[in-house]
Amino acid sequence: MRRLMTCAAAVLLAVAILAALPPAPAAAGTAADYPEYPYPATAYDEPYRGQFHFSPQSGWMNDPNGMVYYRGTYHLFFQHNPHGLAWDTMHWGHATSTDLVHWTQRPIALEPGVHPGDLWSGNAVVDTANVTGLKTGGDDPIVMFSGTNGVTVHYSTDGARTFQTFDRGRKVAVPSGTSRDPHVFWHAASNRWVMVVWNDGGGNGASFYTSTNLLDWTYRSRFAADWFFECPDMFALNVDGSGVQKWVLTDASGEYTIGSFDGTTFRSDWASPQRMDLGANDAGGTFYAGQTFTGVPDGRRIQMSWQPGNHGSTWTGDQTFPAELALHTFPEGVRLTRTPVRELSSLRSGGVTYTNRAVASNNPLNVTSADTYEVSAEFDVAGASANTFGLKLHTRADGTFDRAVSYDRAAGTLYGRPLSAVNGRVKMRVLVDRGQLEVFGNDGRLSVSDNVNFNSAATSQGLQVYATNGSVTLVSLQFYRLNKAWGTGESTLDSNLAGPWTANGGTWTDVAGGKLGTATGDAFYLSGSTFADGTYEGDVKVLSGTAAALTFREGYAANIDTTGVVKLWRPGREIATYPTPIATGRFYHLKVVATGPRIQVYLDHGATPVIDATDTTYTSGRLGLNVFHGTGVVANPTVGGTGFRTNLTGPWHPTAGSWTVPGTGLRASAPGDAFYLSNHTFTNGTYEGDVKVVNGVAAALTFRSTVDGTQHYTANVDTSGLVKLWRPGRDIATFATPILEGRTYHLKVVAQGSAFTVYLNGTRVIDATDTTYSSGYLGVNAFAGTATFQNITVTG
């Protein structure tokens, strides 16, 4: 959603921008380049960069969006300008984690110029029952809701690798007045989906809609409240873990109310809201626009929130560490609690424990020295004489420090926020990161999210327990260092090989569609997967220099070499070569079949190996990638995968565009017309296959083509709503029918002399004649976008 920055936030943002190189202007993308990955390499070591708080690799980030769990992976989407440090031209950024702690930046999910609408905030759900009817293949649809002044639906049918827009961006619900930030959830009691949207028609409030299929929505009711402003979230929690359930409705500021919900109408138990976090709760503060994950398998309600106050030389904004929400009863009533998720323990090391220590104004306790860490401490307030006591963070030898987390006995406040002692004691838990401080009091009754620019110099990493004007008993203290959470996943290397991947020589960085390697000699990037016998394949491209390769058994390499060969080699021996021109700047598909000492190498989907050799040196070892004396890209390394299924004679060759095999099928990226042609000639017979426009305009079967693709017949599916048979200079015939991005269609062409019949999903849709071309090569075609192809076969 659009953010109007406060004066203070604007000043801070200006400082950040001036401190950085001038950012590139915000930009819209194209379907041919989607999904983009516009991020420079980083080790995530910049000053004030959180080591266990998520921030974008570069660019601006605000609201968390579409937080969803799907088949073992948490997906975090977020409002994002990847091309600058300020709010502009919103994209949906994307990161994934298997444990809520170690996050990996992914390519852009929703992109202006590719997906219609303003792409502002919203959420996502997994359509496991396929009520949308959008499923095509093995993945359940992941359905996103976004947009202002009406709700737009986007969806993925490939596990969140790519997203399409439903019905060209038609608004499926339009609340009155200004509206934004739709949030959708499943209501089991009514067996329906529910959407809550902020809107101001008649004043601030939330409008409720219901649906059985996630696409057609019916208005049900409105909850009006002056305090309620943007970014709604809604969920049910049991009070004190009992069978008593309350519904929680929250807004962007972290204010919330609890009540009942019958599937159509929310009724609040309170006249005024509470706040779940007492950090600065505005769009220039430290806690805003919190959202929770949908579909968490163990039922936990896990929240992340935008922290606007964190920024550095290459990024603006971070997210709070994931916190579990719960409802508990306190003397003042039922309240939300926030506590860090238990998965935080995976980062812990170097524990230090203290019990029953007296701390006085003249006798502080110096705990240890650390940069990023967690401290849990309990103090005896009833027996204390000190006015204040607590933790001094990042202390120095001269007595100065970066921040204190203090309890004031007289005021009854922790970190300046109200918190009463329980049975004469106060608990405080703090998470200290390089640009973040999160304070939790009394097991999450108090939550304060803050941004603090800690001094990470070795001389400024002390941790001290202190008291002023008296003493206090430290009942217990548990300290853990928290290790760096970055660098455990692969952002753009789409592969079924196990990690972690490790570099052996050269420089390896993430680029759209693969891994970029640069080396003056040999450089390897090795997976955690070992391999003895089987099939190993991938796409390799030399950008400059000599060679790029697949490596296997940690000793063999099959490469493309710009001297004009495909080569199988190991250290000390060139086992075999196959002479063929190798051009820079285009992908070649290599496949290795290893059976004992026999090694076969296939090029560009040829049915016959271009190398068939034997060598007994290595029997097993890790799989990986290689570049030699130059720069290359390797993509889609896959062991035992489906690959591109075809019975056409190879090798295949492109006329334009980029052609790769991401595990299952052939993928094209083309700004205009691009053909990928086999070595199979065709006159008469049946030619068929499965085609899909991922994003963009058209995907097609091409037949009777010249070797350069300048003359041909092509039968396509076109997202303007057509099946088309065409040749250069003439649309021979068309058939009007809806064609959806992201959906697989089966095309079949029967050619007999000048007569052509085209079938769509088994239905005869075109009968036409043309005498221009009588024979030529078979292939596939993509136009103005990205497309996939599989099961391309010819008979007759």
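Figured I'd write up the structure that's included with this text. (Residues numbered from 1 in each chain as written. Predicted model: local features only at pLDDT ≥ 70, side-chain atom pairs only at ≥ 80, totals over all residues. Heavy atoms only, no water.)

## Some thoughts on the packing of aromatic side chains
Using the criterion set out here, one finds 44 aromatic pairs in the structure. Taking the centre distance of 6.0 Å and the plane angle of 65° together, the rings of Trp60 and Trp306 count as edge-to-face. With a gap of 246 residues between them, Trp60 in strand S1 (residues 59-70) and Trp306 in strand S19 (residues 301-311) connect regions that are remote in the sequence. A relative accessible area of 0% places Trp306 in the buried class. A network of ring pairs unites the aromatic residues Tyr44, Phe54, Tyr69, Tyr74, Phe78, Trp103, Phe293 and Trp486 as a single cluster. Directly above the aromatic system of Trp315 lies the positively charged group of Arg49, at a separation of 4.2 Å from the ring centroid. (Phe/Tyr/Trp six-rings, centres within 6.5 Å; stacked < 30°, edge-to-face > 60°. Helix = DSSP H or I, 4+ residues; strand = E, 2+ residues; numbered from the N terminus. Buried < 20%, exposed > 50% of the residue type's maximum accessible area, 1.4 Å probe, protein only. Lys NZ or Arg CZ within 6 Å of the ring centre and 35° of its normal.)

## Description of the side chain of Lys692
By secondary structure assignment, the location of Lys692 is in strand S49 (residues 685-705). Setting aside residues up to four positions removed in sequence, Lys692 forms contacts with Ala699, Gly742, Arg743, Thr744, Thr786, Ala787 and Thr788. (Contact = heavy atoms within 4.5 Å.)

## Description of the sheet that holds strand S9 (residues 179-187)
Strand order across the open sheet formed by 4 strands is S9-S10-S11-S12, with antiparallel pairing between neighbours. Because the sheet does not close on itself, it has two edges, and the strands there are S9 and strand S12 (218-224). Looking at each pair of strands side by side, their axes are set apart by 25° on average, direction ignored. Sheet topology places strand S11 (residues 205-211) next to S12; 6 bridges connect them, and they run antiparallel. Looking at the pairing, Gly205 lines up with Ala224 of S12. (Pairing = 2+ DSSP bridges. Axes fitted to C-alpha atoms, helices over the stretch in contact; angles between N-to-C directions.)

## With respect to the nonpolar core
Ranked by size, the top nonpolar core spans 43 residues in total, and within it Trp659, Tyr687, Phe703, Val717, Val780, Phe789 and Ile792 carry the most contacts. In this view, Val717 contacts Val691, Val693, Val697, Ala698, Ala699, Leu722, Val723, Ile739, Tyr745, Leu747 and Leu760; residues no more than four positions away in its chain are not counted. One finds Phe379, Val381, Ala384 and Phe454 within the second-largest nonpolar core, a separate group that totals 37 residues. (Core = buried A, V, L, I, M, F, W, Y, C linked by side-chain atoms within 4.5 Å.)

## Thoughts on the pairing of strand S55 (residues 763-769)
Inspection of the sheet shows strand S54 (residues 755-760) paired to S55 by 6 bridges, in the antiparallel sense. Paired with Val758 across the strands is Ile766, a residue of S55. What sits between the antiparallel neighbours S54 and S55 is a turn of 2 residues, in which Asn761 has the positive phi angle 50°.

## Let's talk about the sheet that holds strand S5 (residues 123-126)
Taken together, 4 strands build an open sheet; the order of strands is S5-S6-S7-S8 and the sheet is antiparallel. Each having just a single partner strand, S5 and strand S8 (164-165) make up the two edges of the open sheet. Both S5 and strand S6 (residues 142-146) contribute to a ladder of 4 bridges, which runs antiparallel. Paired with Ala124 across the bridge in S6 is Met144.

## Observations regarding the side chain of Asn442
Assignment of secondary structure puts Asn442 in the loop between strand S31 (437-441) and strand S32 (446-450). Assessed through its relative accessible area of 11%, Asn442 is described here as buried. A polar contact is formed between the side chain of Asn442 and the backbone oxygen of Ser420, at a distance of 2.9 Å. Apart from the residues lying within four places of it in its own chain, the contact partners of Asn442 are Leu419, Ser420, Val422, Arg425, Val426 and Lys427. (Polar contact = N/O pair within 3.5 Å; in protein donor to acceptor, adjacent residues only side chain to side chain.)

## Structural notes on the environment of Val184
Note on placement: Val184 falls in strand S9. It is 49 Å that separates the C-alpha atoms of Val184 and Val472, two residues lying 288 residues apart in sequence. Those residues within four positions of Val184 in sequence are excluded, and the remaining contacts are Asn123, Val125, Phe145, Trp193, Val194, Met195, Leu214, Trp217 and Thr294.

## A look at unusual backbone geometry
The step from Gly499 to Pro500 runs through a cis peptide bond, and the omega angle for that step is -5°. Here Pro500 is to be found in the loop between strand S34 (471-482) and strand S35 (502-504). The omega angle of the peptide bond from Gly650 to Pro651 is 0°, so this bond is cis rather than trans. Within the fold, Pro651 resides in the loop between strand S45 (621-639) and strand S46 (653-654). Positive phi, normally seen in glycine, also occurs at Arg71, with a value near 50°. Its location among the elements puts Arg71 in the loop between S1 and strand S2 (73-81). Residue Asn791 is not a glycine yet carries a positive backbone phi of 55°.

## Looking at the pattern of salt bridges
Applying the stated criterion across every chain yields a total of 38 salt bridges. Arg170 is the salt-bridge partner of Asp167, the closest N and O atoms lying 2.5 Å from each other. The exposure class of Asp167 is partly exposed, given its relative accessible area of 39%. Residues joined by salt bridges that share partners form a network here, namely Asp45, Asp371, Arg434 and Lys484. (Salt bridge = Lys/Arg side-chain N within 4 Å of Asp/Glu carboxyl O.)

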